[in-house]
Amino acid sequence: MSTRFKALLSGTTSSASLSPTSSKASPTTSSSSQDLCENCGVNPRFVENGGHVHPYCGRSISRKSDWVKFPVDCQLRDCKNQGRPQFGGFCCDSHARHAIRKNYVKACSQCGTMPQTSGDLCIACQRFQGSTNLRELYPKDPNFKSVIAIFVDNWKSGGRPAPRVQKVLEVDISRKSRNGYEAYRQYLEKRSPPSEIPTFHSSQCVCDLGTKPSQQLCEYPSCGLCCAVRSNFFKFASAHRIISEDCLSRGAGVYSYTNSARADKHATSCTSSPYRAMILCSVLVGKPPTTKSVLDGETVVVADAEAIIPTHIILYSN
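The structure displayed is predicted, hence computed values, not measured ones. (Residues numbered from 1 in each chain as written. Predicted model: local features only at pLDDT ≥ 70, side-chain atom pairs only at ≥ 80, totals over all residues. Heavy atoms only, no water.)

**Q** Got a sec to walk through the overall build of the chain? Specific residues and values, please.
**A** Helix and strand counts for the chain come out as eleven helices and ten strands. The burial tally for the chain puts 47% of its 318 residues in the buried class. On the chain, roughly 16100 Å² of surface is accessible, and the fraction owed to carbon and sulfur atoms is 50%. (Helix = DSSP H or I, 4+ residues; strand = E, 2+ residues; numbered from the N terminus. Buried < 20%, exposed > 50% of the residue type's maximum accessible area, 1.4 Å probe, protein only. Areas by Shrake-Rupley, 256 points an atom, 1.4 Å probe, with all protein chains shown as cover.)

**Q** Provide a residue-level description of the state of the cysteines, including the pertinent values.
**A** By the definition in use, this model includes zero disulfides. Unpaired in terms of disulfides, Cys207 finds its nearest cysteine sulfur in Cys226, a separation of 3.7 Å. Overall, the relative accessible area of 4% leaves Cys207 in the buried class. (Disulfide = S-S within 2.5 Å.)

**Q** Mind laying out the pattern of salt bridges, listing which residues take part and the relevant values?
**A** Across all of its chains, the model carries eight salt bridges by this definition. Between Asp93 and Arg97 there is a salt bridge; the shortest N-O distance is 2.7 Å. Of this pair, Asp93 and Arg97 both sit in helix H5 (residues 93-101), four residues apart, which is roughly one turn of the helix. Residue Arg135 is joined to Glu170 by a salt bridge in which the shortest nitrogen-to-oxygen separation is 3.0 Å. (Salt bridge = Lys/Arg side-chain N within 4 Å of Asp/Glu carboxyl O.)

**Q** Any details on the nonpolar core? Residues and values, ideally.
**A** The biggest cluster of nonpolar side chains holds 36 residues, and the ones touching the most others in it are Leu209, Phe233, Val283 and Ile313. Put simply, the parts of the chain that give this core at least two residues each are strand E2 (164-172), helix H8 (175-189), helix H9 (224-231), strand E7 (276-285), strand E9 (299-302) and strand E10 (308-317). Of all the elements, E7 adds the most residues to this core, at six residues. Filtering out sequence-adjacent residues up to four positions away, Leu209 remains in contact with Leu134, Leu169, Gln216, Leu225, Ser273, Tyr275, Ile313 and Leu315. Listed in part, the 19 residues of the second largest apolar core include Phe144, Phe151, Phe200 and Tyr255. (Core = buried A, V, L, I, M, F, W, Y, C linked by side-chain atoms within 4.5 Å. Contact = heavy atoms within 4.5 Å.)

**Q** Talk me through unusual backbone geometry; I want residue IDs and the actual numbers.
**A** A cis amide bond links Lys287 to the next residue, Pro288, at an omega of -10°. As for its placement among the helices and strands, Pro288 is situated in the loop between E7 and strand E8 (293-296). Positioned with a positive phi, Asn232 is a non-glycine residue whose angle comes to about 55°. Along the chain, Asn232 turns up in the loop between H9 and helix H10 (247-250). Note on Asn232: relative accessible area 2%, which makes it buried.

Listed below in structure tokens is the structure:
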């Protein structure tokens, strides 16, 4: 999530003036965790041509090591060693596994041997899975209130009040999608700094998303919302890549709207779900807009899926 979008969610800047920001693998958690950078716990350690393995993933992290290190002691009682993010805050693999056996912390839903650190997954499984995951935000979370404020403040429907938001799901996109988004930002910056704006995208949702304790995207090929979030807008159900009646004048691409009420017109849900669903997105638009990124009133169209990422799913009821 970009710094600007974090600022938006934290409420430090008004929404009107600020814009937001695979198949499963089964790795051996102990070895893969030890191969990760000691500080960031996500990227692999740097290996020289001669085979020497450094403790950090790169020079910039190494230079910043004094402040990047995990700031607390091992979470296991009476252990004073430094906690490591790749072990879920414990100092080593054995302490992390011991905490799982004693039910001190919840185990990763995939490997079952390491603590949860990214949603219901450990860092190693999240890294190797390379998939999109969801995490429910609860009312006490400040981001929950900020997302609702963005949704309500941008609901412009000519007098019809904004519907009641029931749940907010935070979208944790894959590393591949995140890297593609940041690479597209760098591409636009070669000309001028792009605008990064919050938009809303809706489609048909044929599953019962949000009705079960385990928040997961469905596998139905006809579920437009889950297909869009899972693929980071690279795949759509049926013809939902173009969702605007006036698409002939603006061209093919991913359509989203700065007006949440406008996006709501494209939202449909299954009869078994009490919710309507909408995706809060972060979109990069070049300055000035080009044929690959069009900002026309409330409508935002991007020809490249790398220019847009889903950040949250808003579940609401009329």
